[in-house]
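What follows is the residue order along each chain.
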Amino acid sequence: MDLIEKVRHKIRLTQEEGEALYELDLYTLGELADEIRIEKYGKKSYFNINRHINPTNVCADICKFCAYSASRKNPNQYTMSHEQILEIVDNSVKIGAKEIHVVSAHNPNDGVEWYMGAFRKIKAKYPNVHVKAMTAAEIDFLTREYGHSYDEVLEMMIENGVDSMPGGGAEIFDEGVREYLCKGKVTSSQWLEIHQKWHEKGRQSNATMLFGHIETRAHRVDHILRLRDLQDKTGGFNAFIPLVYQRKNNFLKVKNFPSGQEILKTYAISRILLDNIPHIKAYWVTASINLALIAQEFGCDDLDGTIEKESIQSAAGASSVEGMVLDDFIALIKNAGFTPVERDSLYNELRVYGS
Ligand code: V47
C-alpha cells in the first residue's frame, strides 16, 4: 500500500512515513488533510473570545528565540500586580471574554503565591471564566526555584482555580536542538511528564511546537509523534498548535525561514499524523491571519481567538499586539468559505454563525 492509500485507510504512519509526507506536493497533502478535517468537523472553524495576559517578562531562563523576556535587547522589565491583572480581566470580561489565557516568564522575584494568587483572585471574581494558565515550563521553573514537586504545583493550580493548561514551552522535543535553543529550561521528557500528570488528574491541555528556525523536518515529525504517544496513554490533549517562529529582537541566528508552502505542509502533516488529538490550531498570531485562513483548507479547524492583546510573539515581530475585532474575525472566516463557531475552552459549541 502506498503512503496516500495508507492515509486514506487511516493506517498510522511511522517517523519515516511522516517525513516522506513532506515529499508529496502541497495540493495532495492539503487534500488528504482536508478529507480528515471535513470528516471530523465539516466546514466548521472554531474560535473563542479570549484575552491573553502576560503578567511579567522577568525571566530566570534564557531561550535564544525569545524576544519577550527582559534582556539586553529588551531592557523594559515589568511585573504586574494582582490588581493590575484583575483590572485587565474586568475590562475583558465586560467585552465578552470567556477565557483568560495567562502565560508569564519565569520570574524569580515574587514567589509561587504571586502566580497562584492571581488565578485565585480571577476565579473568585469570575467563577464562570475559564482560566487557562501555567505552561509546563513555568511549572518546572517553580519546582526548581521553590523546591516543590510537580504534583504539588499542579495541585496548587487546581486549588487556585486553573481550569486547563496551555501548550507553551514545548518548543522542539529533539534534545540536541532543545539544548541549543533553551538549555536549562524544562526538558522534553519533563514537559511530557507534567502534561501526563495533569491529564491523570482529569484535566485537559494543549500542545505546541515552535518550528521554522533551526530544526529539520525530521525533528518536527519526531515532536508530533512523541505527542501522539502520550495522547495514546492519557487522551488529555485538546489541540495541537504549530507555532511559526518569529524572527525579530532575539538571539537566534536563522538562515532560512519556512515558506508559506512549508508552513501549510506542516499543518497538513500534523493533521494526518495526529489521529488522536482532536483539533489542529492555526494560531493566526504566528501564521498571519491570511495564511491561517488558508490553513483551514490544510487540516486546521481552529483559529484560536480574538486575543485582544498579545505580548510574546508581537515582541518578535508578529502583528498581533492588538488582537482582532470579533466582527472582522467572523467575516474573514465566512469569506474564506467556512462556518465560524464560537467555542468554549474545552470545545463545547457556544454559537454557530450561519450565513
Ligand atoms: O512556548 C516564544 C512561543 C509560546 C517566539 O495553548 C515564540 O492554546 C514564535 O504557547 N516566535 C507561548 N513563537 C505561547 C503559547 C500559546 C499560544 C497560543 C495558544 C496556546 C494554547 C499556547 O510562544 C512559547 C514559545 O514556544 N514563542 N518566542 C517567537 N520568537
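Remember, it's a predicted structure, so these values are computed and weren't measured experimentally. (Residues numbered from 1 in each chain as written. Predicted model: local features only at pLDDT ≥ 70, side-chain atom pairs only at ≥ 80, totals over all residues. Heavy atoms only, no water.)

## Comments concerning the overall build of the chain
For step 1, the next point in the chain: Of regular secondary structure, the chain possesses 15 helices and 10 strands.
For step 2, the next point in the chain: Compactness check: the chain gives a C-alpha radius of gyration of 19 Å against a globular reference of 20 Å for 355 residues, within 12% of the reference.
For step 3, the next point in the chain: Counting across all 355 residues of the chain, residues that qualify as buried make up 59%.
For step 4, the next point in the chain: Residue pairs in contact within the chain that sit at least 24 positions apart in sequence constitute 73% of those at least 6 positions apart.
For step 5, the next point in the chain: Roughly 14300 Å² of accessible area belongs to the chain as shown, and the carbon and sulfur atoms make up 50% of that amount.
For step 6, the next point in the chain: Charge-centre separation for the chain: the mean point of 42 positive side chains lies 3 Å from the mean point of 50 negative side chains. (Helix = DSSP H or I, 4+ residues; strand = E, 2+ residues; numbered from the N terminus. Rg over C-alpha atoms; globule rule 2.2 N^0.38 Å. Buried < 20%, exposed > 50% of the residue type's maximum accessible area, 1.4 Å probe, protein only. Contact = heavy atoms within 4.5 Å. Areas by Shrake-Rupley, 256 points an atom, 1.4 Å probe, with all protein chains shown as cover. Lys, Arg positive; Asp, Glu negative; His and termini not counted. Charge placed at Lys NZ, Arg CZ, Asp CG, Glu CD.)

## Examining the pairing of strand β5 (residues 205-211)
For step 1, the next point in the chain: Counting buried positions over the seven residues of β5 gives seven, a clear majority of the element.
For step 2, the next point in the chain: Burial along β5 is two-sided: the residues S205, A207, M209 and F211 and N206, T208 and L210 are all buried.
For step 3, the next point in the chain: Summarising the sheet, β5 and strand β6 (residues 237-244) pair through six bridges and their orientation is parallel. Paired with M209 across the bridge in β6 is P242. (Pairing = 2+ DSSP bridges.)

## A word on the packing of helix α4 (residues 82-94) against helix α5 (residues 111-125)
For step 1, the next point in the chain: One can describe the packing of α4 onto α5 by two numbers: an axis separation of 10 Å at closest approach and a directional angle of 35°. Crossing of α4 over α5 shows right-handed handedness. Taken together, the residues of α5 that come into contact with α4 (itself represented by H82, E83, I85, L86, V89 and D90) are E113, W114, G117, A118, K121, I122 and K125.
For step 2, the next point in the chain: Taken together, the residues that form the contact of α4 with α5 break down as six nonpolar, two polar and five charged. (Axes fitted to C-alpha atoms, helices over the stretch in contact; angles between N-to-C directions. Left-handed = near helix turned anticlockwise from the far one by under 90°. Nonpolar A, V, L, I, M, F, W, Y, C, P; charged D, E, K, R; others polar.)

## Considering the packing of helix α10 (residues 217-234) against helix α11 (residues 260-273)
For step 1, the next point in the chain: Running from N to C, α10 and α11 point in directions that differ by 30°, and their axes come no closer than 10 Å. Put simply, α10 runs roughly parallel to α11. Read as a crossing pair, α10 and α11 show a hand that is right-handed. Note on element contacts: α11 touches α10 through E262, T266, S270 and L273, opposite R217, R220, V221, I224, L225 and R228.
For step 2, the next point in the chain: Broken down by class, the residue content of the contact of α10 with α11 amounts to four nonpolar, two polar and four charged. (Parallel < 35°, antiparallel > 145°, perpendicular 65-115°, else oblique.)

## Re the site of the ligand
For step 1, the next point in the chain: Taken together, 23 residues sit near the ligand, with K132, G167, G169, E171 and Q246 positioned nearest.
For step 2, the next point in the chain: Within the contact set of the ligand, an oxygen atom lies 2.9 Å away from a side-chain nitrogen or oxygen of N206.
For step 3, the next point in the chain: Residue K281 places a side-chain N or O atom 2.8 Å away from an oxygen atom belonging to the ligand.
For step 4, the next point in the chain: In the complex, 96% of the free accessible area of the ligand, which totals 620 Å², lies under the protein chains.
For step 5, the next point in the chain: For the shell around the ligand, the secondary-structure elements that each account for two or more residues are β5, β6 and α14 (312-315).
For step 6, the next point in the chain: Class assignment for the residues of the shell around the ligand results in 10 nonpolar, nine polar and four charged. (Near = heavy atom within 4 Å. Polar contact = N/O pair within 3.5 Å; in protein donor to acceptor, adjacent residues only side chain to side chain.)

## Observations concerning the sheet that holds strand β3 (residues 99-102)
For step 1, the next point in the chain: Taking strand neighbours across the sheet as the criterion, the three strands line up as β2-β3-β4 in an open arrangement whose pairing is parallel. One side of each edge strand has no neighbouring strand; the edge strands of this open sheet are β2 (50-53) and β4 (130-133). Neighbour-to-neighbour, the strand axes of the sheet open up by a mean angle of 20°, direction not taken into account.
For step 2, the next point in the chain: Relative to β4, β3 is paired through four bridges, and the arrangement is parallel. Residue pairing in the sheet places H101 in a bridge with K132 of β4.
For step 3, the next point in the chain: Here α4 sits on the sheet in contact with β2 and β3, set at roughly 165° to β2.

## Remarks on the sheet that holds strand β7 (residues 279-280)
For step 1, the next point in the chain: Taken in spatial order, the three strands of this open sheet run β5-β6-β7, and their pairing is parallel. Looking at the sheet topology across the chains shown, the edges are occupied by β5 and β7.
For step 2, the next point in the chain: α11 contacts β5, β6 and β7 of the sheet and is inclined by roughly 165° relative to β6.

## Description of unusual backbone geometry
For step 1, the next point in the chain: Positioned with a positive phi, M134 is a non-glycine residue whose angle comes to about 75°.
For step 2, the next point in the chain: Examined against the element boundaries, M134 turns out to sit in the loop between β4 and α6 (136-146).
For step 3, the next point in the chain: The buried category is assigned to M134, whose relative accessible area is 0%.

## Considering the pattern of salt bridges
Side-chain pairing between opposite charges can occur once the charged atoms of the two side chains come close.
For step 1, the next point in the chain: Tallied over the full model, the rule gives 27 salt bridges.
For step 2, the next point in the chain: When the shortest N-O distance is used, the salt bridge between E349 and K44 registers 3.0 Å. Of this pair, E349 sits in strand β10 (residues 349-352) while K44 sits in strand β1 (residues 44-48), and the two are 305 residues apart along the sequence.
For step 3, the next point in the chain: Taking the relative accessible area as the measure of exposure, K44 reaches 28% and is therefore partly exposed. (Salt bridge = Lys/Arg side-chain N within 4 Å of Asp/Glu carboxyl O.)

## Regarding the nonpolar core
For step 1, the next point in the chain: Ranked by size, the top nonpolar core spans 108 residues in total, and within it L21, M134, M157 and W191 carry the most contacts.
For step 2, the next point in the chain: Excluding its chain neighbours within four sequence positions, the residues that come into contact with L21 are L3, V7, L13, L29, I269, I272 and L273. (Core = buried A, V, L, I, M, F, W, Y, C linked by side-chain atoms within 4.5 Å.)

Read these as geometric descriptors, not functional statements.
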